[in-house]
Amino acid sequence: MQFSYEVKDSYAEVKSVGRLNMVAAPKLREVVAEVVAGGSSRVVVNLAGTDFMDSSGLGALIGCLKAARQAGGDLRIAEVQPQVKMVLELTNMDRVLTAYPTAEDAFGDD
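Residues numbered from 1 in each chain as written. Predicted model: local features only at pLDDT ≥ 70, side-chain atom pairs only at ≥ 80, totals over all residues. Heavy atoms only, no water.

A look at the pairing of strand β1 (residues 2–7)
The pairing of β1 with strand β2 (residues 12–20) spans six bridges and is classified as antiparallel. When the bridges of β2 are listed, F3 appears paired with S16. (Pairing = 2+ DSSP bridges. Helix = DSSP H or I, 4+ residues; strand = E, 2+ residues; numbered from the N terminus.)

See below:
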């Protein structure tokens, strides 16, 4: 799993490529913590390159959401692939983590 991030005007975009599982989940938490510590509390996790997520990955996303909100911001997800969307729907977490078509759309109205 590879993560990269880019700070934009009003948010930071974290891109993930690979499988978001128990091996990769701690790294996602680290990357988002680094982004938030750097002053970007509005974070979009772009999941275009993530074709698989398990419960550990879901837990990491929720932990990242909590970290962003504690810093006065929010975390949103974008470009969610079918298997990841299915996990979100089966756990009803799609109500907490709303998926947006693109990273730009995630904070586009704010």
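Moving on from the coordinates now.
Topic: helix α2 (residues 55–70)
Counted at 1.5 Å a residue, the expected span for α2 with its 16 residues is 22 Å, and the 22 Å between its end C-alpha atoms agrees. For α2, the complete set of buried residues consists of G57, L58, A60, L61, C64, L65 and A68. Down the axis of α2, the buried set is contained in an arc of 155°. They therefore lie on one face. Seen from the open side of α2, the exposed residues pointing more than 90 degrees away from its buried face are S55, K66 and Q70. Structurally, α2 contributes buried residues whose contacts are with β2, α1 (25–37), β3 (42–53), β4 (74–78) and α3 (82–90). Following α2 by one or two positions, G72 has its phi on the positive side, about 90°. (Expected span 1.5 Å × (residues − 1). Buried < 20%, exposed > 50% of the residue type's maximum accessible area, 1.4 Å probe, protein only. Arc of directions from axis to C-beta. Contact = heavy atoms within 4.5 Å.)

Topic: the pairing of β4
The buried fraction of β4 amounts to five of the five residues, a majority that puts the element mostly inside the structure. Sheet topology note: the β3/β4 ladder contains five bridges and is parallel. When the sheet's bridge partners are listed, V44 is paired in β4 with R76. Bridge count between β4 and strand β5 (residues 99–100): two bridges; the pairing is parallel. Paired with I77 across the bridge in β5 is A99. Note that the unit made of β4, α3 and β5 has a crossover that is right-handed. (Right-handed = clockwise from strand over helix to strand, strands pointing away.)

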